Amino acid sequence: MSETKLAYQKSDYTGKPSTLCKGCGHDSITNAIIESYFQLGVNPSSVIKLSGIGCSSKTPTYFIDKGHGFNSVHGRMPSVATGANVANLKLPTIGISGDGDTGSIGLGQFLHCARRNVDMVYIIENNGTYGLTKGQFSATADLGSKAKRGAANPYPTLDACALAIDSGATFVARSFSGDRKQMIALMKAAFSHKGIAVLDIISPCVTFNNHEGSTKSYLFAKENDVPLHELNYVPEAETIEVEMKEGEVRSIELHDGSHLTLKKLDKDYNPGDKGEALKLINESIASKTLATGLLYYQPDFPDHNTILNICSTPLVYLNEAELDPGPDPIAKLNASMK
Amino acid sequence: MSETKLAYQKSDYTGKPSTLCKGCGHDSITNAIIESYFQLGVNPSSVIKLSGIGCSSKTPTYFIDKGHGFNSVHGRMPSVATGANVANLKLPTIGISGDGDTGSIGLGQFLHCARRNVDMVYIIENNGTYGLTKGQFSATADLGSKAKRGAANPYPTLDACALAIDSGATFVARSFSGDRKQMIALMKAAFSHKGIAVLDIISPCVTFNNHEGSTKSYLFAKENDVPLHELNYVPEAETIEVEMKEGEVRSIELHDGSHLTLKKLDKDYNPGDKGEALKLINESIASKTLATGLLYYQPDFPDHNTILNICSTPLVYLNEAELDPGPDPIAKLNASMK
Amino acid sequence: MDKIVNDFSIRVATVNGTGSQSSNNILFKSLFRMGVGACGKNMFPSNIQGLPTWFQIRVSPQGYQCLRENDDIAILMNAVTAHDDIASMRPGTTIMYSSDTIKFRDDEIKPGMVMYPLPVEELAKKITNVKLKQLLKNLFYVGAVQVLYGLDESIVEGVIRDTFKSKQAAIDANLEALKIGVDYAKEHFKKTDKFVFEKGNVNNGKIIMEGNAAAALGSLYGGCTVLAWYPITPSSSLAESLIGYFEKYRKDKDGKGKYAAIQAEDELSSAGMVIGAGWAGARSMTTTSGPGISLMSEFIGLAYYAEVPSVFMNVQRVGPSTGLPTRTQQCDTLLCAFASHGDTKHIMLFPSTINECFEMAQETFNLAERFQTPVFFMTDLDLGMNNWVDKELTYTKPKYDRGKVLDKEGLDKVKDWGRYLDVDKDGICYRTLPGTDHPKGAYFTRGSGHDEYARYTESPLAYTRNMDRLNRKFDTAKKEMPKGIVRGEAGAKIGLIAYGTSDHPVQETLDRMKNPNIKYMRLRAFPFGEDVEAFIKSCDKVFIVEQNRDGQMRQLLETQIRGYQDKMDSILYYGGFPLSADFIERTLKGKL
Amino acid sequence: MDKIVNDFSIRVATVNGTGSQSSNNILFKSLFRMGVGACGKNMFPSNIQGLPTWFQIRVSPQGYQCLRENDDIAILMNAVTAHDDIASMRPGTTIMYSSDTIKFRDDEIKPGMVMYPLPVEELAKKITNVKLKQLLKNLFYVGAVQVLYGLDESIVEGVIRDTFKSKQAAIDANLEALKIGVDYAKEHFKKTDKFVFEKGNVNNGKIIMEGNAAAALGSLYGGCTVLAWYPITPSSSLAESLIGYFEKYRKDKDGKGKYAAIQAEDELSSAGMVIGAGWAGARSMTTTSGPGISLMSEFIGLAYYAEVPSVFMNVQRVGPSTGLPTRTQQCDTLLCAFASHGDTKHIMLFPSTINECFEMAQETFNLAERFQTPVFFMTDLDLGMNNWVDKELTYTKPKYDRGKVLDKEGLDKVKDWGRYLDVDKDGICYRTLPGTDHPKGAYFTRGSGHDEYARYTESPLAYTRNMDRLNRKFDTAKKEMPKGIVRGEAGAKIGLIAYGTSDHPVQETLDRMKNPNIKYMRLRAFPFGEDVEAFIKSCDKVFIVEQNRDGQMRQLLETQIRGYQDKMDSILYYGGFPLSADFIERTLKGKL
Ligand SMILES: Cc1ncc(C[n+]2csc(CCOP(=O)(O)OP(=O)(O)O)c2C)c(N)n1
Ligand SMILES: Cc1ncc(C[n+]2csc(CCOP(=O)(O)OP(=O)(O)O)c2C)c(N)n1
Ligand code: SF4
Ligand code: SF4
Ligand SMILES: [Mg+2]
Ligand SMILES: [Mg+2]
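Within each chain, residue numbers correspond to sequence positions counted from 1 in written order. A letter from A marks each chain and a number from 1 marks each ligand, given out in the order of writing. Residue-level local features of this predicted model are given only where pLDDT is at least 70; pairs of side-chain atoms are given and counted only at 80 or more, and the full residue set underlies all totals for whole chains, interfaces and linings. To obtain the side-chain values, all non-hydrogen atoms of the structure were included, while hydrogens and water were left out.

> Quick one: what's the story with the packing of aromatic side chains, residue by residue and with numbers?
Within 6.5 Å between ring centres, the rings of Phe, Tyr and Trp (the latter by its six-membered ring) count as paired, and their orientation is classed by plane angle as stacked under 30 degrees, edge-to-face over 60, tilted in between. As enumerated under the stated definition, the model contains 50 aromatic pairs over all chains in all. Within the aromatic cluster, the residues linked to one another by ring pairs are Phe8(C), Tyr149(C), Phe195(C) and Phe197(C). Should the NZ of a Lys or the CZ of an Arg lie within 6 Å of a ring centre and within 35 degrees of the ring normal, that charge is described as sitting over the ring. Its guanidinium or amino end placed over the ring of Trp388(D), Lys41(D) lies 3.7 Å from that ring's centre, counting from NZ or CZ.

Right, dumping it as structure tokens:
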């Protein structure tokens, strides 16, 4: 991922128009991705974009039209990305997933991909809900938060960052789709990291928002007495934007009137200690104050292609001359199997 | 799981003769299970035993013949156990799995089962290898350990205890198949816990031992110049037994001459703090000294059946009279759908 | 001018997530209450907001529950699709459109087209509830339709009141918007097309319901106590409806649930839960669609081979892969018949109507427990998610067939119990439930080789005996499946065969063709009973009408009822829209 | 006394994990080197240590690579199975047994049985290497066989030396143990049975190899660069052999690998990796068995619909579910033909021999890239894990068919490139590889609806066009599949059809029956080419010989080559042991 800055335009990084709901946090993430690649000057044709299934997983269509994209199957992006990445280790690899895609059906693949330290940026567009299937809880939904149907989530939240750290991920960060500046800073660092960089980005779903405190979910619709069970109407919402300083704690109002409390990590936070990072995350869950920033960073562990000791020519470009072992091994084997 | 002590014999808890290799750690665990149930006086007919696939997953056949058993499919015991447990919340549920079964193919199900806090005892017979398929690495294999084929494991170990804690398990302990006393103490506590009790029990595979330090794997066979690629001969080994005091650190010699270092948790260790538990586990991985004992314990979180608010009569025994909503709802629905 | 009364089709093109579904339902329900034979179908995108969506309403004196290929009236509210939409309309049809967002070129307007420009954005300014403007705009076309085609004003108002129940603000806002549409139409539109609604009485004793809700209700009455599911279109609403019914009708006096509903982390897990619960003795089910069945395949084989009662409700959508997730097909017939590796065969039921969704769902649980095997309830997006007009549901006092289960007393009576002993020679063996407090009550369940006493074995003979018995069990099932429903003269020589939602357009085709030499059998289950063979045998030629590319049911018929292949031919539609009689009639005539 | 030379069968019954496999291989290899036509098959348990296992060796002048149903000599070293074993032996056969652990009652010994009691435990005391006693004991029966049936002493010694190569201690220990057996037999056994080995020359130019190793070697020569797998019997050794070959023959000069081999966390993941790598442009494969295919089903549908080259090697074992994991069957034919939900069809290859494993494995990658689709390499436990005698492998300079790929220059030349445009009208479109540095090089791959330019669409027309093109592609594939291999007179009216490992016993059956009215086609691929139809057409009656319960290949033939069903019948064996000519001949004669 060591592309030098080239003369690319911002427009070289754009994609098809988004078909997501107006104000969806995922679109803010898309924009940050575009900006980050642009700032780094990565060759857009070299980028490969992979995803699973969900609103979040649609987003690879919305950036870098010039790169190949693969919208695969639900929860299995990590394995597809792993395969693509070993096949051609020259291509900057970005995987986009949702919290359902990663935390529910894809949990096993996610953690094993982390363990392998696949050289990719793995973005979780985390809204605590299944957007595309209309608002069921995902595994990252907060304990006690309310869903579309009004039932409270009785299960504890799965924290993708903690799990990634425990599984061996070497770059683990959290951000918020409303904090463009932080996202871009983290993304640029992530793109430059050799190994897996997991970015868990809280990305409110304006249509089926189920986040912590969203006991007032659908407030807007309720006020207006729209029957809740027929929510086929999606009000157009404004994109949330905030900018925070290091160490700052801020409570952000979401579309449904609920609040999300964020704390940006202090400047002197040391992301090199696994145990500390895990402690911090668990404290932050307990205090309902999400710590954002680079939570854990371990630059020295070899990435998957290094672990596998793959040659520098991408495997896809090896030809007969390079791959054919010739007649000798067969002759030897024939002789030995008697 | 509040069975009162009845007049059961030890023999009421035995099963079919084991078909595992002589000296396999799994058999020691089986014996501890038998002893624990016996000491608690659980009605053997009420116990349900579930497992996935692997040498470890065969063990439910080797205890409590009087209870129903279900050897399901690879890595999916957690979901089968969850289904059985909600269907009949009266039955003490034990799931037996291997490190491959739980840490590789079954990782997602394992963690979601932990998150649901299913009222069961979940035993991982952890040998860091795939015993039944002849010695490939599992995800809990230690970084750098050597496999049958002699290649070193290049991936970091997945720690089932850390991940279980991350995911919401309410009772998480580690033990060693050679420490019968500790196993029995932990199992009895686990059987009495309402919610999921995860027991990660290090259980050396005498045939394909790949544990930490097992750079001398197959020492025995090698010494005798048996070709390694044709290891169809399994020497009979003695069962390892140790007894440790709280706070004690001990290095145990395994069958292949390698060593495993264990540290029994101090008496004053407080298993109530998630962050601390995770820190401890990560330190213990880094120092290659496995901490054993009850790592994390949270007795207050409701178990899955409580979360689901299931009635006290097991669902399986509800009959027509109890389940039939009668004609009224249909009449009302008919009227409303016009 | 001639009138065309209650026999035409309307297409409403809108943008999804703008609330048009609510207006369309008001329109549809109003027609229903007027006693007009109406059928409504949604063509919606796999998206939450901003993509094109269509609602089609067809009215017919017979109340056919299927569409025509062509529409007579197009209500075009979506500028993105308007030009394609008008291009697909025939000369002489009517076009109502949002005139301040859509401009048609002259050459787009075909001869005889009647144009009703509706200045939606302009009119929207009159809406007082500014926040809900986007939503309420959709009432304008309802108002215009009311005026132009004769919706009963008080019925429409009643529908709006019932829709929003006690929410007075919503009722007022909707009525206001409706009136804006009505007023505009009265003032500006001159009726020049021939289509009119007139009150009728074809809906007496009928209801409007989605198949998924009916199947959910059937599951409730069928005694289902465990639901494990993973969301996937178009099956989610089946699970969600069932949860709703559970919450309402399945609480004990302490408010505790006489059910467990678990949203699993994926389909493998929901299958595992269903099998675990079925093994423990509960009536358990899952809801899913094609991708879920693929993922459940390993578990399905386990349930087949270890003989665990389990219900899989497959609301089919367009495959392969993610395919068209919001469109309809019958494309998992072969997959479900043989799901999993090794030699397997599974029972399937094919409901065609709301009432059958309700009744067959109940029966599914009986079959699963009776045959101790997975049973597939094969419905589809069209049946599951569209609003269907069907006769009222009827209550029958449930009598569950729990199959061959030995309890404590039962065990006392039998001398030699083996879990897989074929005592009755019908291939079905006796099981015990986990927890049975009896010294010989327990057995060990496994997906690996087992003998008659559930002991592990690798013996080729024991294995073969077991596999042969499973075949015998399947043969027993053949005799107990719901029979096919036959229409037409016994002596007719041309046979049609269809199943599920294809029934409706086939019935209409038969009405139209009135050919006494054509008869028809609607399949309702697999394995096929003797009646199916008899039907095929009595024909010279059999056309199997299906909504998939490869003629999957034809293949199944060919291999399971051997000897008649030469007669068999397919009529296949697989575009993902609901099947129409127009298509069948045209294709069939081309083949006759 | 009559001699029976080189034409009889031996069964060795032992306990697994005791090292008998090594002795059995010494026995087998010695026969091979003596030029005796030998076939050896392992019946082993799904267990590591302590359960019964059998090794069967059949010698025949023709060198048949399949067993007889009955054995002539039983070497019984396992007390647990000895009584069942002797019960299955016919009168007049020979029984050698471990006489200090096994005692037969008089009534177990049938008339004419020749008994050779071998006091294994007593003799074991003579072994000097105490630690390896358990292992070395197995050499005793090898020694006894050498004496009784005439193994060439120096050949046996040579085999032992070659087996343990430079490990002198092991060689010495084995030779010592062998000698104990030899000495005992010489002293105590009087040869009274008729069976003898005599040196021959049927193995000139031949090798002993496992199919899994041959398929792995084929994959190496086929240019596979990415292997993603999950261990499962009986496929693990295919992956492990390939890794071995990779390590040996695929390093660049810096010691870096020109391959990636990943042990995935499960089969879903390995399928995903294969598809990811195939999409990126690598020749990628996975190895698995039935349960793995079930789990991969969703992904297989993606690869079909999104058209990603990918190779799935399925080493079949006995299903359903976990079944008999260490026994052989051909039970995934239907599953692999149609794997995944929706309308799907897949290419399959069926190797029968070691040489075909090697050659077809290479071809698999060409087909996958040429047709941009999943290709199944369908082998089984018998072929994969047993030691087969076959002719030497031959090297052909590889020429990969990478299919229709447009690189930078290619893109410059085409004016209008669409990923799914059927330019050549053969249903196969042009793809580009990710990373292609060209402004119009990129496209978006998805499992959802897409048009010719790989754009997302829900259009029924675009969907239908695409599905029809996929059918066209499959039709093109039909013409390019390996043809069936025919034996017998063209004019014969009775046809046999078989595939994979069933070929060997079918060939033997034909040799035996010498019926000029019987001919035989061995299928090698699906979709079936025209030659298959022509063959069936030319017969009055066709018997499809298969190793599964449901006649899966027959079903596939019936639905894919319609019109000949009435001729088709099945010969089915599914007990899990390798198929024998005895079974086929008996069953066929019963049907003629
Ligand atoms: C195998 C499978 N199961 C279920 C689905 C249905 N499905 C589509 S998206 C989705 C959840 C998406 O949630 P998430 O990943 O959080 O994405 P979001 O839409 O919230 O961005 C589900 C369950 C599917 N496509 N495939
Ligand atoms: C779906 C599936 N994939 C693969 C296998 C093959 N398999 C059987 S056991 C096993 C691994 C067992 O490892 P572990 O759970 O650690 O158990 P152990 O034998 O070490 O006790 C595997 C891969 C299988 N049975 N099913
Ligand atoms: S449903 Fe939610 S996640 Fe999906 S596009 Fe709309 S706002 Fe975004
Ligand atoms: S192979 Fe290992 S895990 Fe399996 S039974 Fe033998 S010692 Fe135990
Ligand atoms: Mg989400
Ligand atoms: Mg293990």
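> So what's going on with the coordination of the magnesium ion (ligand 6)? Which residues, and what values?
All names here are of chain B. Taken together, the protein donors to the magnesium ion (ligand 6) comprise Asp 99 (OD), Asn 127 (OD1) and Thr 129 (O), at separations of 2.0 to 2.1 Å. Here a donor is an N, O or S atom found within 2.8 Å of the metal, or within 3.2 Å if the metal is Na, K or Ca; sites may look incomplete because water is not among the atoms. Counting gaps between the donor residues of the magnesium ion (ligand 6) yields the pattern D-x27-N-x1-T. Highlighted residues: Asp 99 in helix H4 (residues 99–103) and Thr 129 in strand S5 (residues 129–130), separated in sequence by 30 residues. Remark: exposure states derive from per-residue accessible area (1.4 Å probe, protein chains only) relative to the maximum for the residue type, with buried under 20%, exposed over 50%, and partly exposed in between. On the accessibility criterion, Thr 129 (2% relative accessible area) is buried. To qualify as a helix, a DSSP run of H or I must reach at least 4 residues; to qualify as a strand, a run of E must reach at least 2; elements of each kind are numbered from the N terminus.

> Explain the relation of the copies chain C and chain D to me, and be specific about the residues and the numbers.
Least squares is the method used to superpose the copies, on C-alpha atoms of residues holding a pLDDT of at least 70 in both. In the superposition of chain C on chain D (RMSD 0.0 Å, axial shift 0.0 Å), the rotation amounts to 180°. On the angle and the small slide along the axis, the relation comes out as a two-fold axis. Looking at the rotation axis and the C-alpha trace of chain C, the residue lying nearest is Leu295(C), at 3.0 Å.

> I'd like a description of the site of ligand 2, backed by residues and values.
Throughout, the term near means that a residue has one or more heavy atoms lying within 4 Å of the molecule or strand in question. Lining the immediate surroundings of ligand 2 are 23 residues, of which Ser56(B), Asp99(B), Gly100(B), Asp101(B) and Glu267(D) lie closest. Surrounding ligand 2 is a set of residues that belongs to chains B, C and D. Any pair of nitrogen or oxygen atoms within 3.5 Å is treated as a polar contact; in protein, a donor-acceptor pairing is required on top of that, and neighbouring residues in sequence qualify only through side-chain atoms on both sides. Ser56(B) has a polar side-chain atom sitting 2.7 Å from an oxygen atom of ligand 2. If one sorts the elements of the shell around ligand 2 by residue count, H4(B) sits on top with three residues.

> I'd like a description of the sheet that holds strand S2 (residues 8–15) of chain C, backed by residues and values.
Residues and elements named next belong to chain C. We treat two strands as partners when DSSP finds at least two bridges between them. Here six strands make up an open sheet; going across it, the order is S3-S4-S2-S5-S6-S7 and the pairing mixed. For this open sheet the edge positions go to strand S3 (38–43) and strand S7 (114–118), each flanked by a neighbour on one side alone. Across the sheet, the mean angle separating the axes of adjacent strands is 15° when strand polarity is ignored. When strand S5 (residues 73–76) meets strand S6 (residues 94–98), the two strands line up parallel, connected through four bridges. Bridge pairing links Ile 75 to Met 96 in S6. Note on geometry: axes are C-alpha line fits, over the in-contact stretch for helices, and angles between N-to-C directions span 0 to 180 degrees.

> Give a description of the interface of chain C and chain D that names residues and reports values.
By convention, interface size is frequently given as the accessible area that disappears when the constituent parts associate. Here, two residues are considered to be in contact whenever any of their heavy atoms come within 4.5 Å of each other. In this assembly, 66 residues from chain C lie in contact with 67 residues from chain D. Carbon and sulfur atoms supply 52% of the area that chain C and chain D bury against each other, a total of about 5,400 Å² over both sides. Whenever a carboxyl oxygen of Asp or Glu lies within 4 Å of a side-chain nitrogen of Lys or Arg, that contact is scored as a salt bridge. Between chain C and chain D we count four salt bridges in total. Taking the shortest distance from any N to any O, the salt bridge between Arg562(D) and Glu558(C) comes out at 2.5 Å. The tally of links between chain C and chain D comes to 46 residue pairs in polar contact (both at pLDDT 80 or more). Of all the secondary-structure elements, those providing two or more residues to the side of chain C that touches chain D are helix H11 (290–306), helix H12 (333–338), helix H16 (460–480) and helix H19 (552–560) of chain C. Of all the elements, H11(C) adds the most residues to the side of chain C that touches chain D, at 10 residues. Any residue outside Ala, Val, Leu, Ile, Met, Phe, Trp, Tyr, Cys, Pro, Asp, Glu, Lys and Arg is labelled polar, Gly included; the first ten of those are nonpolar and the last four are charged. Taken together, the residues that form the side of chain C that touches chain D break down as 24 nonpolar, 29 polar and 13 charged. When two components associate, each loses some accessible surface as probed by a 1.4 Å sphere; the sum of these losses over both components is called the buried area.

> Describe in detail the pattern of salt bridges, supporting the description with residues and values.
One pass over the structure, following the stated rule, counts 114 salt bridges over all chains. For Glu392(D), the salt bridge is made with Lys338(A), and the minimal N-O distance between the two is 2.7 Å. Taken as a pair, Glu392(D) in the loop between strand S16 (387–391) and helix H15 (408–413) and Lys338(A) in the segment after helix H12 (327–336) lie in two separate chains rather than in one. When its relative accessible area of 23% is taken as the criterion, Lys338(A) is described as partly exposed. In this structure, the salt-bridge partner of Glu307(D) is Lys473(D), at a minimum N-O distance of 2.9 Å. With Glu307(D) in the loop between helix H11 (290–306) and strand S13 (310–316) and Lys473(D) in helix H16 (residues 460–480), this residue pair connects regions lying 166 residues apart in the sequence.

> Any chance you could break down the confidence of the model for chain A for me, citing the residues and the numbers?
Per residue, pLDDT measures the predictor's confidence, with a range of 0 to 100. The predicted model of chain A has a mean per-residue pLDDT of 87, with 88% of residues at 70 or higher. Low pLDDT, under 50, characterises residues 210–231 of chain A; the predicted model gives this stretch 68 contacts beyond four residues in sequence or across chains.

> Go over the sheet that holds strand S18 (residues 485–487) of chain D, please, and point to the residues and values.
All names here are of chain D. Strand order in the open sheet formed by five strands is S18-S20-S19-S22-S23, and the pairing between neighbours is mixed. Both outer strands of the open sheet, S18 and strand S23 (568–572), are each paired with one neighbouring strand and no more. Going across the sheet, the axis of each strand differs from the next one's by a mean of 20°, ignoring polarity. Pairing geometry for strand S19 (residues 494–499) and strand S22 (residues 541–546), over four bridges, is parallel. Each bridged residue has a counterpart across the sheet, and for Gly 495 the counterpart in S22 is Val 542. Against the sheet, helix H20 (residues 581–591) engages S19, strand S20 (518–523), S22 and S23, with an angle of about 145° to S23.

> Explain the interface of chain B and chain C residue by residue, including any values.
Tallying the contact residues gives 56 residues for chain B and 68 residues for chain C. At the surface where chain B touches chain C, the tally comes to three salt bridges. Notably, a salt bridge pairs Arg116(B) with Glu265(C), separated by 2.8 Å at the nearest N-O pair. If you look at where chain B meets chain C, you find 22 residue pairs in polar contact (both at pLDDT 80 or more). Sorting elements by how many residues they give to the side of chain B that touches chain C places helix H3 (residues 77–87) of chain B first, with seven residues.

> Lay out the nonpolar core with the relevant residues and their values.
By nonpolar core is meant a set of buried Ala, Val, Leu, Ile, Met, Phe, Trp, Tyr and Cys residues that side-chain atoms within 4.5 Å join together. Judged by nonpolar contacts, the single largest core of 311 residues is most densely connected at Leu557(C) and Leu557(D). With sequence-adjacent residues up to four places away left out, Leu557(D) is seen in contact with Ile497(D), Leu523(D), Phe528(D), Val532(D), Ile536(D), Ile544(D) and Met568(D).

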